[in-house]
Amino acid sequence: MVDVEQLRDQLEETRKLRFHKSELIWLAGNTFFGRRGIFEPAFLEWLDRDFRLSDYELSVRDGQLSLTFHGLWTETTMWEIYALSAIDELKTRSSLKRLSEFELDILYARAKTRLWEKMERLRGIPKLSVSDFGTRRRHSFLWHEYVVKAMSDVLGASFAGSSNTYLAYKHDLEAMGTNGHELPMALAAMANDDEELHGSQYRLLELWQQTYQGELLILLPDTFGTTQFLDNAPDWVADWTGQRIDSKDPYAAGDEYIVWLERRGRDPRKKRLIASDALDVDQILGLHAYFGGALLNGASPRDFERANDFLDDKRWIPDRRIRFSSGWGTYLTNDFRNCNPHGDEDFDPVSLVCKLTEVNGRPTVKLSDNYSKALGPPDEVERYRRVFGAAGVMDSPVLT
């Protein structure tokens, strides 16, 4: 599906890339989350002069690609975005070569129709907020850009922005995003005992808010389990702006966060809740109905399928429980299921991840809120489960 040497060529070309002056000026002068100058001049100077990507090890094992990056954190951390998007693009190009010109027209006509049908269902919904989180597993760069532009044109203010900073820069959109799992995974791996291991998830938050001076304060609490994270969190954690849900059922996770905020004396209506795991339009509509307003007369989230359903004041009123938004990923930028005129699954999205595996010679672990998503050596996974517990963790199938 992917030629190894072509992938190697892509990775080598990626290592040669450098930031343009205009991009750095945009980073320095643009407003992010309502604040200008969020990045320190020394950091931008480092991006300009010293930012480099590490070397890599690329091979094929049992018919599967194996790609590993070794080096300083500053040299390896960005590879996840570039490598996964390159693999997806090469997979797409390989499949495109099998189609005739007419079949290509059919493929993209079907994909555009599906995209339009999704946007049409979202258009006109009161207080809706949707962002593009689909860079890593996209169909291709050009399709990604087409989707982002279409979302901006059709949804207007309901399209909050993109986590792809280049597309936000190019199309005058808000650059949206949160921190990732590798941050708590790294600090946990460097802990010297179980007590330090348990406290590392909060030490990370202290370092983060010091770095960004009280901005970008979106929690990602599921690295070692959301329930234990909230139960043991210092009170100041409740002052953060909001939470991103990843591996837990979003309805249950949102309810849990709202109850936790209320117990800590905070008003949930002033906080933000972001869902981002395997979302598609049905889930986006249901979650917006559930968290973005009040369900009336026995209505359920499944009853809301398009804008008109939200305009029926006998079933729903826009009285938000929390400021909900959706980070829409793979099924926004790579939904070509059943679009292939050959009738096979060559263009279906595949499950791809790039995770931290080792820090300073120590193995890393990610537990998550889903037993089947746990990553790391089995003995270390068991040790982490002993330290963090399993409260609120479920054993759910991984969606691909």
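Residues numbered from 1 in each chain as written. Predicted model: local features only at pLDDT ≥ 70, side-chain atom pairs only at ≥ 80, totals over all residues. Heavy atoms only, no water.

1. Looking at the environment of T333
- Assignment of secondary structure puts T333 in helix 15 (residues 330–333).
- By relative accessible area, which is 0% here, T333 ends up buried.
- In this structure, the C-alpha to C-alpha distance between T333 and Q210, residues 123 residues apart in sequence, is 34 Å.
- With near-sequence residues (within four places) excluded, T333 lies in contact with D132, G134, R137, R138, H139, W143 and H144. (Helix = DSSP H or I, 4+ residues; strand = E, 2+ residues; numbered from the N terminus. Buried < 20%, exposed > 50% of the residue type's maximum accessible area, 1.4 Å probe, protein only. Contact = heavy atoms within 4.5 Å.)

2. Some words on unusual backbone geometry
- One non-glycine residue, D62, adopts positive backbone phi at about 55°.
- Looking at where D62 falls in the secondary structure, it is placed in the loop between strand 3 (56–61) and strand 4 (64–69).
- You will see that S368, though not glycine, has its phi angle at about 70°, which is positive.
- The class of S368 is buried, set by a relative accessible area of 1%.

3. Focus: the environment of A307
- Examined against the element boundaries, A307 turns out to sit in helix 14 (residues 307–310).
- Relative accessible area serves as the criterion here: at 11%, A307 is assigned to the buried category.
- C-alpha of A307 to C-alpha of L285: the two residues are 22 residues apart in sequence and 9.1 Å apart in space.
- Excluding residues within four positions of it along the chain, A307 makes contact with R121, R123, G124 and I125.

4. Looking at helix 2 (residues 21–29)
- Looking at helix 2, one finds that the buried residues are E23, L24, W26 and L27. Viewed along the axis of helix 2, the buried residues span an arc of 155°, placing them on a single side of the element. Those residues of helix 2 that are exposed and angled more than 90 degrees off the buried face are K21 and I25. (Arc of directions from axis to C-beta.)

5. A word on the packing of helix 12 (residues 250–263) against helix 13 (residues 281–291)
- Between helix 12 and helix 13, the shortest axis-to-axis distance is 11 Å and the interhelical angle comes to 25°. Classified by the angle between their axes, helix 12 and helix 13 sit roughly parallel to one another. Judged by the sense of rotation from one axis to the other, the crossing of helix 12 with helix 13 is right-handed. Across the interface between the two elements, P250, Y251, G254, D255 and I258 from helix 12 touch Q283, G286, L287, Y290 and F291 from helix 13.
- Here the residues of the contact of helix 12 with helix 13 are counted per class, giving 6 nonpolar, 3 polar and 1 charged. (Axes fitted to C-alpha atoms, helices over the stretch in contact; angles between N-to-C directions. Parallel < 35°, antiparallel > 145°, perpendicular 65-115°, else oblique. Left-handed = near helix turned anticlockwise from the far one by under 90°. Nonpolar A, V, L, I, M, F, W, Y, C, P; charged D, E, K, R; others polar.)

That is the geometry; function is a separate question.
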